[in-house]
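Architecture and fold: a report
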Amino acid sequence: MIQLPRKLGMVLVRLALGMAIVLLIYSVLIGLSESAMSYVSLHALLAFLSVLTAAIIYLVAHRERNLSTFIFLLALFWRGMIHFAITALFSFVEPDFTPSFAPIRAFMELLSLMILSILILLALITANLKWENKPRWELGMPFLILLITFNTYLYYVVVPTMDISWLRVGSFILAIIAIAVLVISIYLSIRNRDRFYDVRYFVSGQSVFILVVVVFLLYAQGDANLWILAAITEAFAYILLFVALGKYLYGNARISRDATRAILGFLLSLATIPFVLSLVFEAYATGVEIIDTGAYLVSHGAAALLSGMMTILLFVYFRKRPAWNLLPLIVLYLSWTYIYIIIMPGYQRFGVADLGESLLPYSVGALVSLVVIFRAVRYIRNPPDVNPTDIERDWIIRRFLAIAAGLVLALILENKYGSLSHSVEKMVVERVVLLTLNLLALFGFSILIFITAREYGDWKSIDVIAILILAFYIMPGILKGIYPDWTPGWWFGEMFLIVGLGVGPPLLGALYVDSMSKAQEIQRKATLYADLLVHDITNMHQAIMVALSLMEDDMDRSHTHYDTMQDAKASLHRAAEIVASVRQIGIADETAPVDLERKDIVEAVLNAHEQVKSEYPHDTINFTVNKEIGQCYTHANSLLIDLFYNLLRNSAKYSNGEIKIDVRISKRDDEEGQFWVVRIEDYGRGIDDERKKMLFRRYMKGAEGVGLGLAVVYALTKSYGGTIAVEDRIPGSYRAGSAFVVMLPDASSPLNNWT
C-alpha cells in the first residue's frame, strides 16, 4: 500500500525548493530573452542534460534489459537531438525574436514535449516486457530519424504557412494532450514504484514537465521572456529525472550513498555550472571582450603543466597497481598535455588577438577522448589476457605518437586550405563539430565513471578521480563552441579547466599515499596470516604423512586399502606443493632488491634438474646445459632454484615419450644493462598461441591442478628484475615443443635499476 500523503508531501517540497531556484535564476537571466547567444547556450544546456540522463538510462537498460528502458532511452535521445539541432541551426542563422515568431516556436516545442511524454508513457506501460537477448540499440535509429524528419518537415514546410490563431489553438491542443499523458504517467510511476527509478524524484521530474508545458503555452501568446523560464524549468525536470535514474542505478550497484551523491553531483555540476555562470556573464557583460594574449598563454601553459603532472602521477600509480583500464587514461592525459603545448607557439606566431583561436586542437582532443573512453570501458569489462606491465611503454608511445602526428597533420591542412581568420562567423561548422564531439564525450564519460565506480565500490579511488578530472576537458570545448573569442563565456572555459586540473594533482597524490599505506598494512597482515597458515598446515601434513607411513609399514601390498593409502599420500604431497607455491609467490611479492645476493644461475639450474630427476626415477631425462658453474651470476635469493625447478618440471611433465630438455644460456647487452638469457627448450606437445597469452596468470583456466607453478616463475622473475616469455622451440610450429626464455640481470648491473 502506497503512503500517498507522505510521498505527495515530499514531492511538493522538492518542487517548491526547485522552482524557487528556477525563479531565482530566471530573475537573473531575464534580460537575455532576445540574446542569440543565450538562446544557443540554453538549448545546448538542455541537450547536454538530456544526453547525460540518457547515459544513465543506457546503463540501466544494460542491467534491466527490458523494452521499457529502451523506449525511455529513445525518448531522451529524441528530445536531446531536438535541442542540439536547434543549437546547430542557430549557430548558422540568427534566431527570430519578433512576437510573431513566438507561436511557431511554442507550437514546435509543445509538439516535441507531447512526443516525449507519449514515449515516457509507453516506457511505463511496457515495464513488464523483458528482452531475452542483448538490446539492439540500432533498432531505434530508424524511429529517431523518422521523428526528426517529421519534425523538420513541420518546422520548415507546414508550420510557416499556418495562421497564428491556428498555431495557438494547435498549441493548446498539444498542451492538453501532453499534460493528460504526463498525469497518467505519474499515476503509473507511483503504481510501478519498484521499477528502474526512484519514484519520488521521477514523479517530481514529470510534474515539472507539466509546468514546462504550461509555460510554453503562455509563451505562445508572444511574451519572449517566458522562453527563458521554460528552458530553465525544463533543465530542472531533466535534473530530477537524472537523479531518479541515478539513485536507482547506483543503489542497485551496491555503491555507498555518499559515493552515489558525489558522482551524481559531479556530473550534474559539470553539465550545468559552466552554462549558468557563462550565461550570467553574458547577461551582465554583453559585448565585453577581454583581449589578453599573455593571460591566454599562461592559462594554456598551466593546463599543459597540470596535465603533465596528472600523467606522471597516474603512470606511477599504474606501476604500483597495473590495470588495463589505466593505460587509456594515461594516453588521454598525455595527449591533452601535448595539445595545450602545441597551441601556444602557434598563436604567439600568428597573433591570437587578431586571428582568434582555432578550434581544431580542441576538436581533435574531444575525438581522442571519445575513442579512448570506450576503449577504457572495454578494458574494464573484458581486459586482455596479456599483463599490461609487459607492454605498457610500447602501448602508450605508439598511440600517443599516432595522436600527435594526426594533430600536426590536421593543423598543417588547416593552415594550408583553411582561412587564417578564426572569427566566430567563419567557424560555424567547426563549432558545431566541436559541440557534437563533446556531447558524445559527456555521454561516454558518464558511462565510464559509473562502471569504474561500480568496479571499485566507491568514488574515492584513484581510478575514478582520474576520470572525473579528465571530464573537465569537456567544458572548454563546449563553451568555446558557443561563445566568440575573448568574451567572458569563452574565458570561463579556460578558467574552469584550470580550477579542475588544479585540484587534481594534490587530490591524486593524497589518494595515492593513502592507498599505498593501506596496501602496506594489508600486505603486512596477509603475510603474517600466510606464515601462520603455512606453518600450521605444514605441521599437520607432516603428522598425517608420518601416520600414513606407519600404517603402510604394517599393511601388506595386497591389502584392499593399500592403493587408497597411496592415493592419500599422493594427494597430501600435492597439497604440500600448493602450500609451498603459495608461499613462494608471497615471498616473491615481498622481495626487494636489498634482499637479494649474488647467485650462480648454472648451479641453480643443475640443482633444479636434480630435483626434477628424483621425481622421475624410472625415466631418463636427456638434459644439457651449455655453461658451467662459476660463469653466470645474477642477484637473487634461495628461491632461484624454485624458479628453474618449476620450468624444468613443467617441461618434463608435458613431454611426449622421451624427456629431453636443453638449457642454453647467453649474454645480452640491453639499453637498461647486461642480462643473462636462459632459454629452456623442450620437445613436448607445445603451447598454442591462445594459451601463451595467459600462461603466467594465477589460477589459469584449463591448467592441471591449480595452475600456480608458472605463476611462481613469473613472480620470482619479476622480483629479480627480469622478464620471462614463452616461444615455440621452432618458430611457427608450436607442436614441436616450447622454449621458455628467462632474462635475469647480470650481477654487475646496479640493483636500483631493476624495478
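Residues numbered from 1 in each chain as written. Predicted model: local features only at pLDDT ≥ 70, side-chain atom pairs only at ≥ 80, totals over all residues. Heavy atoms only, no water.

1. Observations concerning helix H20 (residues 601-615)
Note the cut-off: Secondary structure is summarised from DSSP: a helix means a run of H or I of at least four residues, a strand means a run of E of at least two, and numbering begins at the N terminus for each. To estimate the expected span of a helix, subtract one from its residue number and multiply by 1.5 Å. Residue burial is assigned from relative accessible area. The probe radius is 1.4 Å, only protein chains are included, and a residue is buried under 20% of its type maximum, exposed over 50%, and partly exposed in between. The arc in question is traced by the directions running from the helix axis to the C-beta atoms.
Taking 1.5 Å as the rise per residue, H20 with 15 residues should run 21 Å; its terminal C-alpha atoms sit 22 Å apart, in good agreement. Taken residue by residue, H20 has Ile 601, Val 602, Ala 604, Val 605, Ala 608, His 609 and Val 612 as its buried positions. In a view along the axis of H20, the buried residues occupy a sector of 155°, so they form one face of it.

2. Some points on the confidence of the model for the protein
We count it as follows: Along the chain, pLDDT gives the predictor's confidence residue by residue, from 0 to 100. Note on contacts: a residue pair qualifies if any of its non-hydrogen atoms lie within 4.5 Å across the two residues.
With 75% of its residues at a pLDDT of 70 or more, the protein shows a mean pLDDT of 77. Of all secondary-structure elements in the protein, the lowest mean pLDDT belongs to helix H12 (residues 352-355), at 48, while strand E5 (residues 673-682) reaches the highest, 90. Considering only residues more than four positions removed or in separate chains, one finds that residues 348-353, a stretch of pLDDT under 50, has nine contacts. Across residues 419-426 the pLDDT falls below 50, and counting only partners more than four positions away or on other chains, this stretch makes 14 contacts in the model.

3. Quick word on the packing of helix H4 (residues 102-125) against helix H6 (residues 164-191)
Quick reminder of the rule: Where helices are involved, their axes are fitted lines through C-alpha atoms of the stretch in contact, as for all axes, and angles between N-to-C directions lie from 0 to 180°. Should an angle lie under 35 degrees it is considered roughly parallel, over 145 roughly antiparallel, and from 65 to 115 roughly perpendicular; all remaining angles are considered oblique. Crossings are classed by handedness, with left-handed meaning an anticlockwise turn of the near helix from the far one by less than a right angle and right-handed meaning a clockwise turn.
One way to put it is that H4 packs onto H6 with a least axis distance of 8 Å and a crossing angle of 20°. Taken together, the axes of H4 and H6 are roughly parallel relative to one another. Helix-helix and strand crossings are classified by hand; for H4 and H6 the assignment is left-handed.

4. Quick look at the sheet that holds strand E7 (residues 733-745)
The condition is simple: Two strands pair under a simple rule: DSSP has to find at least two bridges between them.
The strand order across the open sheet formed by five strands is E2-E4-E5-E7-E6, and the pairing between neighbours is mixed. Two strands bound the open sheet, and with one partner strand each, they are strand E2 (621-625) and strand E6 (723-730). Strand-to-strand twist in this sheet, taken as the mean axis angle between neighbours without regard to direction, amounts to 20°. Sheet topology note: the E5/E7 ladder contains seven bridges and is antiparallel.

5. So, the packing of helix H13 (residues 360-381) against helix H15 (residues 428-456)
Each packed pair of helices is defined by two parameters, the angle between the axes and the distance between the axes. Here is the rule: Polarity classes work like this: nonpolar for Ala, Val, Leu, Ile, Met, Phe, Trp, Tyr, Cys and Pro, charged for Asp, Glu, Lys and Arg, and polar for all others, with Gly in that last group.
The interhelical angle for the contact between H13 and H15, taken along N-to-C directions, is 25°, at an axis separation of 8 Å. Comparing their axes, H15 and H13 come out roughly parallel. Helix-helix and strand crossings are classified by hand; for H13 and H15 the assignment is left-handed. For the contact of H13 with H15, the residue count by class is 18 nonpolar, four polar and three charged.

6. A look at the pattern of salt bridges
Defined as follows: When a carboxyl oxygen of Asp or Glu is within 4 Å of a side-chain nitrogen of Lys or Arg, the pair counts as a salt bridge.
Inspection of every chain in the model, using the stated rule, returns eight salt bridges. The partner of Arg 79 in a salt bridge is Glu 234, and the shortest N-O contact between them spans 2.8 Å. Taken together, the positions of Arg 79 in helix H3 (residues 67-92) and Glu 234 in helix H8 (residues 225-252) put the pair 155 residues apart, joining distant regions of the chain. Neither Arg 79 nor Glu 234 differs from the other in exposure class; each is buried. One salt bridge in this structure joins Arg 679 and Glu 681, with 2.7 Å as the shortest N-O distance.

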